[in-house]
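# Topology and contacts: notes
Listed below are the residues making up each chain.
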Amino acid sequence: MAALDGLPPLRDVIQRHGLDARKALGQNFLLDLNLTQKVARTAGNLENATVFEVGPGPGGLTRAILALGAKKVIAVERDPRCLPALAEIADHYPGRLEVIEGDALKTDFEAMAPAGPVKIIANLPYNVGTQLLVNWLLPKQWPPFWESLTLMFQKEVGERIVAEQDDDHYGRLGVLAGWRTQAHMAFDISPQAFTPPPKVTSTVVHLTPRENPIPCSVANLERVTHAAFGQRRKMLRQSLKPIGGEALLHKAGIDPQRRAETLSVDEFCLLANSL
């Protein structure tokens, strides 16, 4: 990639700017530029697209996204130490990289979304990745402001996102993702590809929105999944007792002796609509 975009190798950038990855910020830098390009390519055609990126760090994935033709990248970075390195990339791609210093959890991505296709591509900090995904799955309007999410998580989290009924990993996250998107795990990345190496394997998950998910109250769906999976080994008549128990299940036409992991996404929506 250094040959492709004319910028210095990432290891040199990190050394020159003193960018040691900080655990408190959930940082693990991906330095293999072949892998960053593979992540960016997973998002599909980037030409004419605006890409939101969270936690760009020294900018390895940012460079891949720009090199593959993104119209613009809007990157949200909490660590001020990374801003000079990102400024060098912005200078190399005039007018195509906007860096916002701030907390992604407090950033209104929907309000910043321009007209035209928007994609979100990110090596998410481990400590905030799940909450960011939930925020993007539950925007104010649907279809959402984004046309795809290409996100890196710990593999265990990725398995929970794509899980379906009767899967040990199936839970609240799988229901939310399955309700509103089609999600699949694209490929794994070994710990050795990162600096410092995390203790777990990472995975890239690609999500595209369903045009017409079952109409359902988000608040009610959250209540149902929280209760059902809070006691996932118990029968639903017991786990759902705080929100209606057997009466709710009979109203929805669901056998009270079933357990949470046996219910489809459609059945959870049915329960939510029966509340």
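Details of the structure are given in the entry above.
In this text the structure is predicted, and so the values were computed from the model without any measurement. (Residues numbered from 1 in each chain as written. Predicted model: local features only at pLDDT ≥ 70, side-chain atom pairs only at ≥ 80, totals over all residues. Heavy atoms only, no water.)

### Topic: the packing of helix H10 (residues 218–230) against helix H13 (residues 265–274)
In a pair of packed helices, the angle between the axes and the distance between the axes together describe the arrangement. Cut-off, in case you're wondering: Axis definition: a line fitted to C-alpha atoms, limited for helices to the stretch in contact. Angles are taken between N-to-C directions and run from 0 to 180 degrees. Think of it this way: any DSSP run of H or I at least four residues long counts as a helix, any run of E at least two long counts as a strand, and we number them from the N terminus. For classification, angles of less than 35 degrees are called roughly parallel, those exceeding 145 degrees roughly antiparallel, those between 65 and 115 degrees roughly perpendicular, and all remaining angles oblique. Definitions for this section: a left-handed crossing has its near helix turned counterclockwise from the far helix by less than a right angle. A right-handed crossing has that turn clockwise. Here a residue-residue contact requires only that any non-hydrogen atoms of the pair lie within 4.5 Å. Charged residues are taken to be Asp, Glu, Lys and Arg, nonpolar residues to be Ala, Val, Leu, Ile, Met, Phe, Trp, Tyr, Cys and Pro, and polar residues to be all remaining types, Gly included.
Axis separation between H10 and H13 bottoms out at 8 Å; the angle between their running directions is 115 degrees. One way to sum up the angle between H10 and H13 is to call them roughly perpendicular. Considering only the axes of H10 and H13, their crossing is right-handed. For the pair H10 and H13, contact is made by Asn 220, Leu 221, Val 224, Thr 225, Ala 228 and Phe 229 and by Phe 268, Cys 269, Leu 271 and Ala 272, respectively. The residue makeup of the contact of H10 with H13, split by class, is 8 nonpolar, 2 polar and no charged.

### Some words on the pairing of strand S2 (residues 50–54)
Worth spelling out the cut-off: Only protein chains enter the area calculation, which uses a 1.4 Å probe; residues under 20% of their type maximum are buried, those over 50% are exposed, and those in between are partly exposed. Each pair of strands is called paired provided DSSP finds at least two bridges between the two strands. Clockwise travel from the first strand over the helix to the second, with the strands pointing away from the viewer, marks a crossover as right-handed.
Across the 5 residues of S2, 5 count as buried, placing the element largely inside the fold. Residues Thr 50, Phe 52 and Val 54 line one face of S2 and the alternating positions Val 51 and Glu 53 line the opposite face, and both faces are buried. Taken together, the 5 bridges between S2 and strand S3 (residues 72–77) define a ladder with parallel strand orientation. Residue pairing in the sheet places Val 54 in a bridge with Val 76 of S3. A crossover links S2 with its parallel partner S3, the connecting element being helix H4 (residues 60–67), and its sense is right-handed. Pairing geometry for S2 and strand S5 (residues 118–123), over 3 bridges, is parallel. Bridge pairing in S5 links Val 51 to Lys 119.

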